[in-house]
Structure formats: structure tokens, C-alpha cells
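Descriptive structure summary
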Amino acid sequence: MRIILVGYGVVGKGVTTIIARRYAEKVKGYGFNPKIVAIADIDGAVINPRGLSPQKLEEIKQRGYPISKDPDFGRPGIPALDVIESVEAEVVVEVTPVNIKNAEPALSHITKAFKTGKHVVTTNKGPLALAMPALTELAEYNNVYLRFSGTVGGGTPMLEFAKRCLAGDRILAIRGILNGTTNYILTEMSQNGVGFQEALANAQKLGYAEREPSMDIDGCDTACKVVILSNWIMNQKITLKDVDRTGIRNVSLEALDEAAKRGNTIKLIGSIDEGKPTVKPTEIPKNHPLCVSGVLNAITFSTEYAAEQTLIGRGAGGIETASAVLRDLLDIRHKLANRMLNNNSES
Ligand code: HSE
């Protein structure tokens, strides 16, 4: 499987690390032979149609920016769109930074990949939050797959759990702590009496917060994830503007103290209940499985037969999110193998 990696931030680097490591190990056992044939970033690209070796991937990582100054395969100035169009590959892995104003440049990268017959794995919430119904249709039209497991829950397989493990049951409602930064802030405030601004500064130092902190604290990041859950799991066709959203700016230390007296705490909850997508600070019992601390994420699926199922895990981090990319690549590999089998049995 030839891969074009677009974006070389913390997740992009995680993807090259995992592919280089796993190449020699388990992945080969799946009959899966991933090769990164190009990495595109804002300064240009590194391209080797035969695949960048694990040693070369490590060299690029050690050298740092700009990646296009690689003496063997560097292509300074070549735009990512040209790389996607001109380099032969089966899959584009799109991991550029999130933009919820117009989803660019990721939206153009993804549509270019579809139009040139390439499958897409992305961890970028922007295009999905703003245009998921259109993107899934475009993927189907071009007969390619779009996978985005790392957009919700980071490395924790929340989307797969709902889609695969709960298949056959009916999911009636979803409630989750889907943003690590706000969970960290609320935990620091409630458990250690730290003020909002100080807790936010600490979260930024830990590297979990989005570049634009409003994404986290005003609930936009959670709302993007609610859109993805709603469309993928609950078969809705919604975008970001359909989510009723309130962030955590007005959650005070006093309100947290009052909640504590009732055995509760306040969490930023993203939910889909009776089809209604909502993000808002919500009081929940401290002993509910959903009530996780620090940067952890948690999600509870309320189902018709299996009652409540809660999944807890790290919702962010480069290597964690990159593990979701690998999961998606394996899924595509599996789907392509099935397609081949079906074609052979029909012919
Ligand atoms: N800023 C996000 C968070 C990153 O804090 O959870 C993962 O989407």
C-alpha cells in the first residue's frame, strides 16, 4: 500500500514513527506492506516513488523543518495538491491542522485525493465537521474509502466500538467527555482549586490544547466530534452549525464546589439524545463511569439491549492518534482485499 502523508506535525511524525516500527513487526503479519512514498508539508515535499525507508523517515524526523531540504528526495516548493495529483499511491493520509472556518487546506486535499482515485485517512475534524455528508457522497461516487477513526477519541476506538462492537444493537443516546483540554481544566479547578486561566495555561503547556484555545474552551472541538458521531453512528446528516453549543468559560470554582456538595462534578459533555446534538457543561455524579479525570476522554453509549457501555481512553497525543491512522489503513487494506475476492468470484 503506497501512502502519501500530507501534514508533518505531531500526528504526521507519529504516523511515520509507527509505520517505520510496525513495518518490521505485526503489520507484515497482516499481509500489509505500507510504504510512505511522499510526505508533503507547507515548504514542499519529500518524494520517493519506491517508498521512503525507515532510516530515511528517521533522518527526516531528526533533521526537522523544512522537510523539503532532504538531499536525496527533497522537492522544495511543490504544493501538497500537486503531490496528491502526481504521485502514484493508493491512500492519502491527511493530518494537517484543524480549521473550522472553511476546513482548508484539508478539504481541498481530500477532494483532490478522491478525484484522483485515492482513499483517504484523516485525523482532521474540520472537513468532517463542515462537510461530512458531501464528503461521504463524493467518496462513494469516486468508489474510494474515507476513514477518520482518529478524529474522535484519538487512539481510543470510539467510532469502531459503536459501529462494530455494538452492531445489531440500537444506540439510543451518546454522551461523552470528548475533549482532553477542557477535562483537564475542570479537573484542576474542582480537585485542586486552580483558577480557570492558570489551568488553561497548564493545559497548553502539556500540548493537548488546540492552537486556538477557543476551539477547546468554547466547545467547538467537542462539537466537531459530536457531528462526526452523529453522522457516522446515528445516520444523521448534520454539520457544525446544527450543534447547540456552550463552552466552559462560565464554569466557576463556586459552581464546582456546589456540585461537589451534591456528590457531583461539572464536565463538558457532548451528547446526542433523541437526535439532538448538544455540547454543554453538565453536572454528573462523581461515581458515574463517565466521570474521568485529567486529559482522559470517556464515552457512554446507551443501547436498547446492552444498556450502557462506557469506553475510556486518551483522546489526544501524536502517537496515540497515529495508532488510529494505522487502524484505518488496515481497515482499508481489508476492504480492498474483500473487493478483490468478490471481483474474482464474479468473474
Ligand atoms: N484539543 C483536543 C483535546 C485534541 O484537548 O482533546 C484532540 O482532539
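As the structure is a computational prediction, the values presented were derived from the model and not from experiment.

Regarding the pattern of salt bridges
- For the structure on display, the rule yields 23 salt bridges.
- Across the pair Lys-125 and Asp-221 runs a salt bridge whose closest N-O atoms are separated by 2.5 Å. In this pair, Lys-125 sits in helix 6 (residues 125-141) while Asp-221 sits in helix 11 (residues 220-233), placing the two residues 96 residues apart along the sequence.
- Assessed through its relative accessible area of 8%, Lys-125 is described here as buried.
- Look at Asp-221 and you get buried, because its relative accessible area is 1%.
- With its nearest N and O atoms 2.6 Å apart, the salt bridge here joins Arg-147 to Asp-331. Separated by 184 residues along the polypeptide, Arg-147 in strand 7 (residues 146-147) and Asp-331 in helix 13 (residues 318-346) bring together distant segments of the chain. Like Arg-147, the residue Asp-331 is buried in the burial classification.
- Several salt bridges converge on common partners, so that one network encompasses Lys-56, Glu-59, Arg-63, Asp-70 and Asp-72.

Focus: the sheet that holds strand 9 (residues 244-245)
- Strand order in the open sheet formed by six strands is 9-11-10-8-12-13, with mixed pairing between adjacent strands. In the strand order of this sheet, the two ends are held by strand 9 and strand 13 (308-314), each with one partner.
- Summarising the sheet, strand 9 and strand 11 (residues 276-285) pair through two bridges and their orientation is parallel. Bridge pairing in strand 11 links Asp-244 to Thr-278.
- Here helix 8 (residues 180-192) sits on the sheet and contacts strand 8 (171-177), strand 10 (264-273) and strand 12 (296-303); the angle it forms with strand 10, its principal contact strand, is near 155°.
- In the packing of helix 12 (residues 253-261) onto the sheet, the strands contacted are strand 10 and strand 11, and the crossing angle to strand 10 comes to about 90°.

Examining the domain arrangement of the chain
- Its domain assignment divides the chain into domain 1 (2-155 + 319-346) and domain 2 (158-314).
- Computed over C-alpha atoms, the centres of domain 1 and domain 2 are 28 Å apart.
- Each partner contributes to the roughly 1,800 Å² buried at the junction of domain 1 and domain 2, and carbon and sulfur atoms together form 68% of this total.
- Where domain 1 meets domain 2, there are five salt bridges.
- A salt bridge links Glu-160 to Arg-327; the shortest N-O distance between them is 3.5 Å.

Focus on the pairing of strand 5 (residues 91-94)
- Here strand 5 shows no split at all, with Val-91 and Val-93 on one side and Val-92 and Glu-94 on the other all buried.
- As paired elements, strand 5 and strand 6 (residues 119-122) share four bridges and run parallel to each other. When the bridges of strand 6 are listed, Val-93 appears paired with Val-121.
- Crossover strand 5 to strand 6 through helix 5 (residues 106-115) is right-handed.

Quick word on the packing of aromatic side chains
- Evaluation of the coordinates by the stated rule reveals three aromatic pairs.
- With a centroid separation of 4.9 Å and an interplanar angle of 75°, the aromatic rings of Phe-148 and Trp-232 are classed as edge-to-face. Of the two residues, Phe-148 sits in the loop between strand 7 and helix 7 (158-165) while Trp-232 sits in helix 11, which places them 84 residues apart along the sequence.
- For Trp-232, a relative accessible area of 22% puts it in the partly exposed group.
- Ring geometry for Phe-161 and Phe-301: centres 5.9 Å apart, planes at 35°, overall tilted. Of this pair, Phe-161 sits in helix 7 while Phe-301 sits in strand 12, and the two are 140 residues apart along the sequence. No difference in accessibility class separates Phe-161 from Phe-301, as the two residues are buried.
- Here Lys-13 stacks its cationic end above the ring of Tyr-8, 5.3 Å away from the centre of that ring.
- Lying across the ring of Trp-232, Lys-163 places its NZ or CZ 4.3 Å from the centre.

Concerning the site of the ligand
- All residues adjacent to the ligand are Lys-125, Asn-179, Gly-180, Thr-181, Tyr-208, Glu-210, Asp-216, Asp-221, Lys-225, Gly-315 and Ala-316.
- Within the backbone of Gly-180, a nitrogen or oxygen atom sits 2.8 Å from an oxygen atom of the ligand.
- Separating an oxygen atom of the ligand from a side-chain N or O atom of Lys-225 is a distance of 2.8 Å.
- Protein contacts shield 91% of the accessible area of the ligand, which totals 260 Å² for the unbound molecule.

Calculation rules
Residues numbered from 1 in each chain as written. Predicted model: local features only at pLDDT ≥ 70, side-chain atom pairs only at ≥ 80, totals over all residues. Heavy atoms only, no water. Salt bridge = Lys/Arg side-chain N within 4 Å of Asp/Glu carboxyl O. Helix = DSSP H or I, 4+ residues; strand = E, 2+ residues; numbered from the N terminus. Buried < 20%, exposed > 50% of the residue type's maximum accessible area, 1.4 Å probe, protein only. Pairing = 2+ DSSP bridges. Contact = heavy atoms within 4.5 Å. Axes fitted to C-alpha atoms, helices over the stretch in contact; angles between N-to-C directions. Domains from an automatic or database assignment. Buried area = accessible area lost by both parts, 1.4 Å probe. Right-handed = clockwise from strand over helix to strand, strands pointing away. Phe/Tyr/Trp six-rings, centres within 6.5 Å; stacked < 30°, edge-to-face > 60°. Lys NZ or Arg CZ within 6 Å of the ring centre and 35° of its normal. Near = heavy atom within 4 Å. Polar contact = N/O pair within 3.5 Å; in protein donor to acceptor, adjacent residues only side chain to side chain. Areas by Shrake-Rupley, 256 points an atom, 1.4 Å probe, with all protein chains shown as cover.

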